[in-house]
Structures are given as structure tokens and as C-alpha cells.
Amino acid sequence: ENPSSIVTGADIDPFGSTVAIRTYTGVFLYPILPGASAAAALLTPSCTAPNGFEVQGETVAWLTEGRAYVTASEGAAPVIHRVGCP
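Residues numbered from 1 in each chain as written. Predicted model: local features only at pLDDT ≥ 70, side-chain atom pairs only at ≥ 80, totals over all residues. Heavy atoms only, no water.

Chemist: How should I be thinking about the overall build of the protein chain in this particular structure?
Modeler: Along the protein chain, the regular secondary structure elements total one helix and seven strands. Along its sequence from the N terminus, the protein chain presents helices and strands in the succession β-β-β-α-β-β-β-β. For the protein chain, the spread of C-alpha atoms along the three principal axes comes to 40 × 35 × 15 Å. Looking at the protein chain as a whole, 33% of its 86 residues qualify as buried. Of the contacts formed within the protein chain by residues at least 6 apart in sequence, a portion of 29% connects residues at least 24 apart. (Helix = DSSP H or I, 4+ residues; strand = E, 2+ residues; numbered from the N terminus. Buried < 20%, exposed > 50% of the residue type's maximum accessible area, 1.4 Å probe, protein only. Contact = heavy atoms within 4.5 Å.)

Here it is as C-alpha cells:
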């Protein structure tokens, strides 16, 4: 399979407005429209989002304030990258 299509992690922001999907090679954001479900959001086009250099990206998680997310690679003591959102 293509490493950019294997989902390794996902999270919904604290506002319920964006789904972040993590693959081995990237992060993709899907907006959740008002009144729609997260599942419906995944049927719409995504935008590619930044992440730190990670050999094998494994996770994405929104921070509690919803204005940033973190990513990390697999392995012992991986570097955690923080990406701010406007």
C-alpha cells in the first residue's frame, strides 16, 4: 500500500469543526460543516497540513485550546512537533 494512504492516527478538534487524519507521511485536515458528522467530513476534499520531519508519522492530537496540534513518529522517545493554527 501507499504510505501516504495508511491512516495511523486521527483526532477531532475541541470545537468539533475539524478532523485531522495522520498517515505515515502527512497530516490532512477535513472541515466538519455545521450540522454534519465527522464521517461526512471525510467524504469531502481535505487540505494538506504541516507536520515536522518524521520518519514514520504515527499520531496527531489536537491540544485542548484547539489552536494547535501535535504530531510524532513511532519509536522510543520521539520528538513531538507542535503545529499552530490561526
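Read on for the rest.
Chemist: Would you explain the pattern of salt bridges in this entry?
Modeler: It is possible for side chains bearing opposite charge to pair when their charged atoms get close. Enumeration according to the criterion identifies two salt bridges in this entry. Here Glu54 makes a salt bridge to Arg22, at a shortest N to O gap of 2.6 Å. Of the two residues, Glu54 is situated in the loop between strand S4 (47-49) and strand S5 (57-62) and Arg22 in strand S2 (residues 18-23); the sequence distance between them amounts to 32 residues. Just as Glu54 is buried, Arg22 falls in that class too. (Salt bridge = Lys/Arg side-chain N within 4 Å of Asp/Glu carboxyl O.)

Chemist: Please clarify how the nonpolar core should be interpreted in this entry.
Modeler: Core analysis: the largest hydrophobic core is formed by eight residues, namely Ala20, Val27, Leu29, Ala49, Val60, Trp62, Tyr69 and Val83. Residues contacting Tyr69, with those up to four places away along its chain left out, are Val27, Ala49, Pro50, Val60, Ala61, Trp62, Leu63, His81, Arg82, Val83 and Cys85. Grouped together as the second largest cluster of nonpolar side chains are five residues, Val19, Ile21, Tyr30 and Ala41 included. (Core = buried A, V, L, I, M, F, W, Y, C linked by side-chain atoms within 4.5 Å.)

Chemist: Honestly, unusual backbone geometry in this entry has me stumped. Any pointers?
Modeler: The general pattern is negative phi for most residues beyond glycine and trans for most peptide bonds. The residue Ala77 is not glycine, and still its phi comes out positive at about 50 degrees. Tracing the backbone through its elements, the reader meets Ala77 in the loop between strand S6 (68-73) and strand S7 (80-84). You can call Ala77 exposed: its relative accessible area is 76%.

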